[in-house]
Amino acid sequence: MAAKRVVPALLVLVVVLAFAGAALAGPSEADERVDAFLDETARLFGASEADVVKILGEPRERQAVPFSSPHDDAPYEIVTLLYDGVTVSLYSMDGGARQFFHQIRVTSGPVCFARKVCLGLARERLAAVLGQPEEVEDEIWRYSDMSGYNELAFTFDARGQVDSMAWTAEAD
């Protein structure tokens, strides 16, 4: 009789451990989807300030602000290119020899993110592309990647259409 009770208990333990192992095994499909979308969007804008200028044209304003972090060996700059309705910021190191995106923000105009995610896109279509957001606050949807340092944020107008979008990578 005791053996009959042990078998179901062992089976339950095996199932629980299998699910726990699957959860620890790797990123979720949603995480991978956000990571891929972040990468695809960054590629649309190039890999450097020069690429951004080739793609979007000369900015109406360029700002460079020195930045230092206790986690980095050398100080660097955050370069911000301002366009009408678009702001692109890059971390710039080694005198501009190494650059990567800090933020891409779109509030007007025809500039889109990957997979034709553009201003005016319906909330339902965004959910079809990226899944449900991790965080919803008022009319803001937020998605984070696996590291937790990179984020997508979308705001919606009264009709439920995207009216701003931001791609952000935080370097601690």
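Within each chain, residues carry numbers counting from 1 in the order of the written sequence. Totals for whole chains, interfaces and linings use every residue, but because this is a predicted model, local features are given only for residues with pLDDT of at least 70 and side-chain atom pairs only at 80 or more, for both listing and counting. Based on all heavy atoms of the structure, the side-chain values leave hydrogens and waters out of the count.

Q: Can you help me understand the state of the cysteines in this one?
A: Chemically, a disulfide is nothing more than a covalent bond linking the sulfur atoms of two cysteines. Two cysteine sulfurs form a disulfide in these notes if their separation is within 2.5 Å. In this structure the tally under the stated criterion is one disulfide. At a sulfur-sulfur separation of 1.9 Å, the disulfide partner of cysteine 112 is cysteine 118. Negative torsions about the S-S bond denote left-handed disulfides, and the value of about 105° found for cysteine 112 with cysteine 118 makes this one right-handed. Note on exposure labels: buried denotes an accessible area under 20% of the residue type's maximum, exposed denotes more than 50%, and partly exposed covers the range between, all computed with a 1.4 Å probe on protein chains only. Note on cysteine 112: relative accessible area 26%, which makes it partly exposed.

Q: Even after reading the chapter, I still don't get helix H3 (residues 49–56), so can you show me in this structure?
A: For an α-helix, the turn length of 3.6 residues means that residues three or four places apart are oriented alike. Secondary structure is summarised from DSSP: a helix means a run of H or I of at least four residues, a strand means a run of E of at least two, and numbering begins at the N terminus for each. All of the buried residues in H3 are Glu49, Val52 and Val53. Take H3 and look down its axis: the buried residues cluster within an arc of 100°, on one side only. Here, two residues are considered to be in contact whenever any of their heavy atoms come within 4.5 Å of each other. Of the surrounding elements, those touching the buried residues of H3 are strand S1 (61–67), strand S2 (76–83), strand S3 (86–93) and strand S4 (98–106). Once H3 finishes, glycine 57 follows within two positions and takes phi at roughly 95°, a positive value. Within this analysis, the arc is defined by the directions that extend from the helix axis to the C-beta atoms.

Q: When you look at the environment of leucine 130 in this model, what are you seeing that I'm missing?
A: Inspection of the secondary structure puts leucine 130 in helix H4 (residues 123–130). Leucine 130 sits 94 residues away from alanine 36 along the chain, and the two C-alpha atoms are 10.0 Å apart. Among all residues touching leucine 130, those that are not within four sequence positions of it are Arg33, Phe37, Tyr143, Leu152 and Phe154.

Q: Looking at this structure, how should I read the environment of valine 136?
A: Note on placement: valine 136 falls in strand S5 (residues 135–137). Linking valine 136 and alanine 153, residues 17 residues apart in sequence, is a C-alpha distance of 9.7 Å.

Q: How do you make sense of the side chain of glutamate 49 when you look at a structure like this?
A: The topology assignment puts glutamate 49 in helix H3. Since its relative accessible area comes to 15%, glutamate 49 is described here as buried. Pairing of N or O atoms within 3.5 Å defines a polar contact, subject to two protein rules: one partner must be a possible hydrogen donor and the other a possible acceptor, and residues neighboring in sequence count only if both atoms are side-chain atoms. At 2.6 Å, the side chain of glutamate 49 forms a polar contact with the side chain of arginine 62. Ignoring sequence-local partners within four residues, the contact set of glutamate 49 consists of Arg62, Val79, Leu81, Leu90 and Gln99.

Q: Looking at this structure, I do not really get the sheet that holds S1. What am I missing?
A: Sheet strands line up and pair through hydrogen bonds in the backbone, either parallel or antiparallel. Pairing is antiparallel in the open sheet, where eight strands are placed in the order S1-S2-S3-S4-S8-S7-S6-S5. Of all the strands in the sheet, just S1 and S5 have a single pairing partner and so form its edges. In this sheet, adjacent strand axes meet at a mean angle of 20° when their direction is disregarded. Should DSSP find at least two bridges between two strands, the strands are taken to pair. As paired strands, S1 and S2 are joined by seven bridges and run antiparallel to one another. Paired with proline 66 across the bridge in S2 is glutamate 77. Helix axes are fitted only over the stretch in contact, all axes being lines through C-alpha atoms; the angle between N-to-C directions runs from 0 to 180 degrees. Packing of H3 onto the sheet brings it into contact with S1, S2, S3 and S4, and relative to S2 it is tilted by some 5°.

Q: I tried to follow the pairing of strand S7 (residues 150–156) on my own but got confused; where do I start?
A: Looking along a regular strand, one sees side chains alternate from face to face of the sheet. Of all seven residues making up S7, five are buried, and the element is well covered by its neighbours. Pairing geometry for strand S6 (residues 140–144) and S7, over five bridges, is antiparallel. Pairing of serine 144 across the sheet is with glutamate 151, part of S7. Count of turn residues in the S6/S7 antiparallel hairpin: five residues, of which glycine 148 carries a positive phi of about 85°.

Functional significance is not addressed by these values, which are geometric in nature.
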